[in-house]
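# Fold and contact review
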Amino acid sequence: MKKRLIAKLEIKSGDVVKPIFFEGLKKIGNPATIANFYYKQGIDEIILIDIVASLYRREIDYETIKKVSKKIFIPLTVGGGIKKLDDISKLLAIGADKVSINTHALQNDPSLINRAARKFGSQCIISNLEIKKIENNWYCLSDNGRIFSNRKVIDWIKELSSRGVGEILLQSVDFDGSLNGFDYDLFQKIKEKINVRSPLIFASGAGNLKHFKKLIKIINPNSICVSRVLHENLLSIKQIKKTIK
Amino acid sequence: MSKIGIIYTGEISNIFSLNNAIKHLGFDTIVIKRPNQIKHVSKIIIPGVGTYPAGIKNLKKNNLFKLIRDYKKNYVLGICLGMQIMSIRGFEFKKTNGLKILRGEVKRIDKLSELPHVGFKKVFFNKKDNLLKGIKQNSEFYFTHSFELKNSLPKEILAEVKYTKKSIAAITKKNKFYGVQFHPEKSGQIGLKLLKNFLNLQ
């Protein structure tokens, strides 16, 4: 089965930015331009995450999202600050195909996942996890890697799946933006302990082709998500797709 | 040029992307919320995000259910949920009667290890059709769904996604009603080609 390559664009105030380990911010450029470029280069899907919506309690940036969705004809997932079903309706109405939920479900109201799946269908609802290793366990964070929760990643994945989530994006706060490779230990642990049907998307840390080869060898994922390695032009989409075939 | 009618299936549907794709291909659209708008269109598209019961409910609310079911004038394309509601009935959350255009029922996918069935999948064409003009056999289209059309009539299945010993209905056809389980407006260039073929059907 063909593997999916997904590009993650982190948005702050209308720009694509790239935090490293979910901190600091390097400005990369215009979201619509970048998304369109990746689309033309053959990316399979785009995930747009507004990384300050939850933190600053801001309204979702509908203008930027509209501009992005107009230029691409591949699936677009939008996340950042989603708290209620109406937020989801609004996003679908402006071109999002799927939405991604983390903070509100993790910290305030997990039933948002159930309600959203029921209303819009599971295929429309994904969850973008922010995972950090603390002592010997991996925990889930929120608010773009800022707020700790005491939910262990294995438990939270199982709960999300039972609540009807469609897909789960596995981001590692410790590896994201590092260019040093994926969090293979985390992924192996997840693969070992988790047996859910929700597709898992493996993200964070890719820097060179060897990292992808290792990921394929150890985990054999169906879906891989990248950001910095593309934003900084270290690898082309074509090169990565050829490697992960 | 006359317009393409996109059926409003409620706030659950993703009309923006579909509208965008159709306009990109050079056609004008009307979003259909009332029966009297149908006479202005040259083709109808039923989009699809959401659930079977919600989709049917919204059609009935806008008095569009019977209208679509009995529509003979022009070609109709159902996308994802839009294709599924053409079946006899669906079992998403509760048993709901469909448009009864296609034989078969819509049930949760139980034969695959992943759920939802999501990603770009190769579609195998069972026969030729003008909808598929210029599209290579086993081209990949974007799927994202948890329910599938089952117990269908083979001659109504134009194309499938094949797995070992099982398959998922991908394209259906009955008279002037086409259905695609995937999202052509999200399948890159090849999806746009299929959409263009539909829009150009005479």
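All of these numbers come straight from a predicted model, not from anything done at the bench.

### Describing the overall build of chain A
Helix and strand counts for chain A stand at 10 helices and 12 strands. A globule of 245 residues ought to have a C-alpha radius of gyration of about 18 Å, and chain A, at 16 Å, matches this closely. Taken along its principal axes, the extent of the C-alpha atoms in chain A is 40 × 40 × 35 Å. Counting the 245 residues in chain A, one finds 60% classified as buried. The contacts in chain A between residues at least 6 apart in sequence include a share of 69% that link residues at least 24 apart. Accessible surface, chain A as shown: approximately 9,800 Å² in total, 47% of it carbon and sulfur.

### Concerning the sheet that holds strand S6 (residues 96-97) of chain B
Residue and element names in this part refer to chain B. One open sheet holds the four strands; their spatial order is S6-S5-S7-S10, and the pairing between them is mixed. Each edge of the open sheet is held by one strand with a lone partner, namely S6 and strand S10 (147-150). By the bridge criterion, two bridges tie strand S5 (residues 89-90) to strand S7 (residues 105-108) in an arrangement that is parallel. Paired with glycine 90 across the two strands is valine 106, which belongs to S7.

### Concerning unusual backbone geometry
A cis amide bond links leucine 115 of chain B with the next residue in sequence, proline 116 of chain B, at an omega value of 0°. Of note in this structure, glutamate 135 of chain A is not a glycine but carries a positive phi near 55°. With respect to the element layout, glutamate 135 of chain A can be found in the loop between strand S7 (125-134) and strand S8 (137-142). A positive phi angle, close to 60°, is found at asparagine 63 of chain B, a residue other than glycine. Of note, asparagine 63 of chain B is situated in the loop between helix H2 (52-61) and helix H3 (65-69).

### Notes on the packing of aromatic side chains
Scanning the model with the defined rule gives 12 aromatic pairs over all chains in all. Through a chain of ring-to-ring contacts, the aromatic side chains of Phe182, Tyr184, Phe187, Phe202 and Phe212 of chain A assemble into a single cluster. Just above the ring of tyrosine 75 of chain B sits the side chain of lysine 176 of chain B; from NZ or CZ to the centre is 5.5 Å.

### Brief notes about the pattern of salt bridges
Between side chains of opposite charge, pairing is possible as soon as their charged atoms come close. All names here are of chain A. Evaluated as defined, the whole model comprises 30 salt bridges over all chains. Ionic pairing is found between glutamate 45 and lysine 98, a salt bridge with its closest N-O pair at 2.9 Å. Within this pair, whereas glutamate 45 is found in strand S4 (residues 45-50), its partner lysine 98 is found in strand S6 (residues 98-100), the two being separated by 53 residues in sequence. Residue glutamate 45 is classed as buried on the basis of its relative accessible area, which comes to 1%. Taken together, the shared-partner salt bridges connect Arg4, Glu45, Lys98 and Glu167 into one network.

### Comments concerning the environment of tyrosine 142 of chain B
If you trace the backbone, tyrosine 142 of chain B turns up in strand S9 (residues 139-145). When its relative accessible area of 1% is taken as the criterion, tyrosine 142 of chain B is described as buried. When the C-alpha atoms of tyrosine 142 of chain B and alanine 54 of chain B are compared, they prove to be 23 Å apart, with 88 residues separating the residues in sequence. Not counting the four nearest positions on each side in its chain, tyrosine 142 of chain B is found in contact with Arg4, Glu45, Pro75 and Lys98 of chain A together with Val118, Gly119, Phe120, Phe182, His183, Lys186 and Ser187 of chain B. For tyrosine 142 of chain B, the side chain forms a polar contact with the side chain of glutamate 45 of chain A, separated by 3.2 Å.

### Let's talk about the layout of surface pockets
Here the largest pocket is characterised by a volume of approximately 550 Å³. Taken together, 22 residues line the largest pocket, and the ones lying closest to its centre are Val196, Pro199 and Asn222 of chain A together with Ser113 and Glu114 of chain B. Those elements giving two or more residues to the lining of the largest pocket turn out to be helix H7 (184-193) and strand S11 (200-203) of chain A. A breakdown of the residues in the lining of the largest pocket according to their chemical character gives 11 nonpolar, six polar and five charged.

Rules of the game
Residues numbered from 1 in each chain as written. Chains lettered and ligands numbered in written order. Predicted model: local features only at pLDDT ≥ 70, side-chain atom pairs only at ≥ 80, totals over all residues. Heavy atoms only, no water. Helix = DSSP H or I, 4+ residues; strand = E, 2+ residues; numbered from the N terminus. Rg over C-alpha atoms; globule rule 2.2 N^0.38 Å. Buried < 20%, exposed > 50% of the residue type's maximum accessible area, 1.4 Å probe, protein only. Contact = heavy atoms within 4.5 Å. Areas by Shrake-Rupley, 256 points an atom, 1.4 Å probe, with all protein chains shown as cover. Pairing = 2+ DSSP bridges. Phe/Tyr/Trp six-rings, centres within 6.5 Å; stacked < 30°, edge-to-face > 60°. Lys NZ or Arg CZ within 6 Å of the ring centre and 35° of its normal. Salt bridge = Lys/Arg side-chain N within 4 Å of Asp/Glu carboxyl O. Polar contact = N/O pair within 3.5 Å; in protein donor to acceptor, adjacent residues only side chain to side chain. 1 Å grid on protein atoms, 1.4 Å probe; cavity = no way out; pocket = protein on both sides within 12 Å on 5 of 7 lines; lining within 4 Å. Points joined across faces, edges and corners; volume = space filled by probe spheres on them. Nonpolar A, V, L, I, M, F, W, Y, C, P; charged D, E, K, R; others polar.

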